[in-house]
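Residue-level listing of the chains:
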Amino acid sequence: MKTLRNVPYRLYARQPDTAAGTGLNCFTAVIEALRKAGRSCPDMNIHQGLAFWWPRAQRLQLGQTPIAGQDVLLLTRSHFMLLRADRNANQRIDADDLIAHAYYRRVEINTINDWLHEAGPQNLRYLPVDDSFLCPSASALRQLKRSRSG
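Parameters and conventions
Residues numbered from 1 in each chain as written. Predicted model: local features only at pLDDT ≥ 70, side-chain atom pairs only at ≥ 80, totals over all residues. Heavy atoms only, no water. Helix = DSSP H or I, 4+ residues; strand = E, 2+ residues; numbered from the N terminus. Buried < 20%, exposed > 50% of the residue type's maximum accessible area, 1.4 Å probe, protein only. Contact = heavy atoms within 4.5 Å. Areas by Shrake-Rupley, 256 points an atom, 1.4 Å probe, with all protein chains shown as cover. Polar contact = N/O pair within 3.5 Å; in protein donor to acceptor, adjacent residues only side chain to side chain. Disulfide = S-S within 2.5 Å. Salt bridge = Lys/Arg side-chain N within 4 Å of Asp/Glu carboxyl O. Arc of directions from axis to C-beta. Pairing = 2+ DSSP bridges.

A. Representation of the overall build of the protein chain within the structure. In terms of helices and strands, the protein chain carries 5 helices and 6 strands. Taken from the N to the C terminus, the helices and strands of the protein chain come in the order α-α-α-β-β-β-β-β-α-β-α. Across the 150 residues in the protein chain, those meeting the buried criterion constitute 47%. For the protein chain, the share of sequence-separated contacts (at least 6 apart) that also reach a separation of at least 24 residues comes to 53%. As displayed, the protein chain offers around 7900 Å² of accessible surface, 46% of which is attributable to carbon and sulfur atoms.

B. Structural view of helix α2 (residues 26-36). The buried fraction of α2 amounts to 9 of the 11 residues, a majority that puts the element mostly inside the structure. When we look at burial in α2, the residues that qualify are Cys26, Phe27, Thr28, Ala29, Val30, Ile31, Glu32, Ala33 and Leu34. Lining the buried residues of α2 we find α1 (15-20), α3 (46-53), β2 (72-75) and β3 (80-85). Of the residues flanking the start of α2, the one acting as N-cap is Asn25, its side-chain oxygen 3.0 Å from the backbone nitrogen of Phe27.

C. Structural context of the state of the cysteines. Scanning all chains against the criterion turns up 1 disulfide. At a sulfur-sulfur separation of 1.7 Å, the disulfide partner of Cys41 is Cys135. Taken as a pair, Cys41 in the loop between α2 and α3 and Cys135 in the loop between β6 (125-128) and α5 (138-149) lie far apart in primary sequence, 94 residues in all. On the basis of relative accessible area, Cys135 is assigned to the buried category, the value being 14%.

D. The arrangement of the pattern of salt bridges in detail. Under the defined criterion, the tally for this structure stands at 5 salt bridges. Glu32 serves as the salt-bridge partner of Arg35, at 3.9 Å between the closest nitrogen and oxygen. Residue Arg35 and its partner Glu32 are both found in helix α2; the two are separated by 3 residues, about one turn of the helix. A relative accessible area of 8% places Glu32 in the buried class. Among the ionic pairs, Glu118 bridges to Arg105, the shortest N-O distance being 2.6 Å. Taken as a pair, Glu118 in helix α4 (residues 112-119) and Arg105 in the loop between β4 (98-101) and β5 (108-111) lie far apart in primary sequence, 13 residues in all. A relative accessible area of 31% means that Arg105 is categorised as partly exposed. The structure contains a network of salt bridges with shared partners spanning Glu32, Arg35 and Asp43.

E. Expanded view of α4. For α4, the complete set of buried residues consists of Ile112, Trp115 and Leu116. Buried residues of α4, viewed axially, fall in a sector of 100 degrees; they line one side. Turning to α4, the residues buried within the fold contact β2, β3, β4 and β5.

F. Focus on the pairing of β2. Covered by surrounding structure in β2 are Val72 and Leu74 together with Leu73 and Leu75, the residues of both alternating faces. Sheet analysis places β2 next to β3, joined by 4 bridges and oriented antiparallel. Each bridged residue has a counterpart across the sheet, and for Leu75 the counterpart in β3 is Phe80. Inspection of the sheet shows β2 paired to β6 by 4 bridges, in the antiparallel sense. Its bridge partner lying in β6, Leu74 is registered against Tyr126.

Keep in mind these numbers describe shape, not what the thing actually does.
Right, dumping it as structure tokens:
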């Protein structure tokens, strides 16, 4: 996410905008970061992303949920972010751990607690990137598009 830090925030940015460095939002920033990490993610919008990942995500309990790999995708019903560092090295996701996200501004790195203080209480869910986080295939994405239009 470091290379995305100076890209301007645009609420309705699309994936090509973020890839070109002309605009991003929380969802396009996470997808672009995952692509740069070698994940094969198709172009999609936040509604498709939520339809695909929300049912696969597990409820996050701060201080109890274990960190199962390098990066962890965190999401709410309206926000996507990546866990970047376990600051106290206890192998648990805590409020003082660092996240990378674009919350109505350019990508920044701050603590979960800082974001919760700004955003208010949230229903946080998570997907470990290296274990269960997969981008939808082209056929799954077509199904999501059909289900959104029906």
